[in-house]
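# Geometric and topological summary
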Amino acid sequence: KNLLFRPTTAVSTESRVRVRENPNLEAQTFGHLEPGDELEVTDRSGVKVKIGEMTDWWYKIKRKSDGLEGWAYGAFLKLASYQGELGPRPEKDLR
């Protein structure tokens, strides 16, 4: 479990975003996200991954409409709260 990650929500920004069993391109695809899909985000990969010209984290997501769960690449998601490069800001900064 990534202790630096605070669960948040997100929406998918692209069509046919693959939802995978594990946070890598070789992992089995469970389904796809479409633009505007509302997601719960519960975890993040430990490191950013470069795919083509993009560099981002993988996020563990659960689609609110039907419960589809898996990992989606962050370049195709818009998170409700920015997590920072290392994780959430210290609590004292949140006031």
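Here is a short report on the structure shown in this document. The residue count restarts for each chain, going from 1 along the sequence in the order it is written. A pLDDT threshold of at least 70 governs which residues receive local features in this predicted model, and a stricter bar of 80 or more applies before side-chain atom pairs are shown or counted, although totals over entire chains, interfaces and linings include all residues. Only hydrogens and water are set aside; all other atoms, that is, all heavy atoms of the structure, feed into the side-chain values.

### So, the overall build of the protein chain
Comment: elements are numbered from the N terminus, with helices defined as DSSP H or I runs of at least four residues and strands as E runs of at least two. When helices and strands are counted, the protein chain shows zero helices and nine strands. Going from N to C terminus, the protein chain has its helices and strands arranged as β-β-β-β-β-β-β-β-β. Throughout, exposure labels follow a simple rule: accessible area from a 1.4 Å probe, protein chains only, divided by the maximum for the residue type, with under 20% read as buried, over 50% as exposed, and the rest as partly exposed. Within the protein chain, the proportion of its 95 residues that are buried is 37%. In this description, contact between two residues means that some pair of their heavy atoms is separated by no more than 4.5 Å. For the protein chain, the share of sequence-separated contacts (at least 6 apart) that also reach a separation of at least 24 residues comes to 55%. Computed with a 1.4 Å probe, the accessible areas rest on the Shrake-Rupley method; for each residue, only the protein chains presented here act as cover. For the protein chain, the accessible area works out to roughly 6100 Å², and carbon and sulfur atoms hold 50% of it.

### Things to note about the packing of aromatic side chains
Only rings of Phe, Tyr and Trp enter the pairing, Trp through its six-membered ring, and a pair is recorded when the two centres are within 6.5 Å. The plane angle decides the type: under 30 degrees is stacked, over 60 is edge-to-face, the rest tilted. In total, this model carries two aromatic pairs according to the counting rule given. With a centroid separation of 5.4 Å and 65° between ring planes, the pair formed by Trp 58 and Tyr 73 is classed as edge-to-face. Of this pair, Trp 58 sits in strand S7 (residues 58-63) while Tyr 73 is found in strand S8 (residues 69-73), placing the two residues 15 residues apart along the sequence. Across the pair, exposure class does not vary: Trp 58 and Tyr 73 are buried alike. Charge-over-ring contacts are defined here by two conditions on Lys NZ or Arg CZ: a distance within 6 Å of the ring centre and an angle within 35 degrees of the ring normal. Cation over ring: Arg 44 sits above Trp 57, and NZ or CZ is 3.7 Å from the ring centre. Sitting over the ring of Trp 57, Lys 48 keeps its end group 4.7 Å from the ring centre.

### Re the nonpolar core
Nonpolar core, defined: a set of buried Ala, Val, Leu, Ile, Met, Phe, Trp, Tyr and Cys residues in which side-chain atoms within 4.5 Å join the residues together. Core analysis: the biggest nonpolar cluster contains 14 residues, and Leu 33, Leu 39, Val 41, Tyr 59, Ile 61, Ala 72 and Leu 77 have the highest contact counts within it. Every element with two or more residues in this core is listed here: strand S2 (17-20), strand S4 (38-44), S7 and strand S9 (77-79). Those residues in contact with Tyr 59, other than ones at most four positions away along the chain, are Phe 5, Val 41, Asp 43, Arg 44, Gly 70, Trp 71, Ala 72, Gly 74, Leu 77 and Leu 79.

### Describing the pattern of salt bridges
Whenever Lys or Arg places a side-chain nitrogen within 4 Å of a carboxyl oxygen from Asp or Glu, that contact is recorded as a salt bridge. On inspection of all chains with the given rule, the structure shows two salt bridges. A salt bridge links Arg 63 to Asp 37; its shortest N-O distance comes to 2.9 Å. Taken as a pair, Arg 63 in strand S7 and Asp 37 in the loop between strand S3 (29-33) and S4 lie far apart in primary sequence, 26 residues in all. The class for Arg 63 is buried, based on a relative accessible area of 13%.

### Regarding the environment of Ser 81
Considering the arrangement of structural elements, one finds Ser 81 in the segment after S9. When its relative accessible area of 30% is taken as the criterion, Ser 81 is described as partly exposed. Taking C-alpha positions, Ser 81 is 9.3 Å from Pro 7, a pair spaced 74 residues apart along the chain.

### Quick notes on the side chain of Ser 12
Within the secondary structure layout, Ser 12 lies in strand S1 (residues 8-12). Looking at Ser 12, its side chain comes within polar contact range of the main-chain oxygen of Glu 14, at 3.2 Å. Of note is the side chain of Ser 12, whose polar atom sits 3.4 Å from the backbone oxygen of Glu 34. Apart from the residues within four sequence positions on either side, Ser 12 is in contact with Val 17, Leu 33, Glu 34, Pro 35, Gly 36, Asp 37, Leu 39, Phe 76 and Leu 77. Two N or O atoms form a polar contact when they lie within 3.5 Å of each other; inside protein one atom must be a possible hydrogen donor and the other a possible acceptor, and for residues adjacent in sequence the pair counts only when both atoms belong to side chains.

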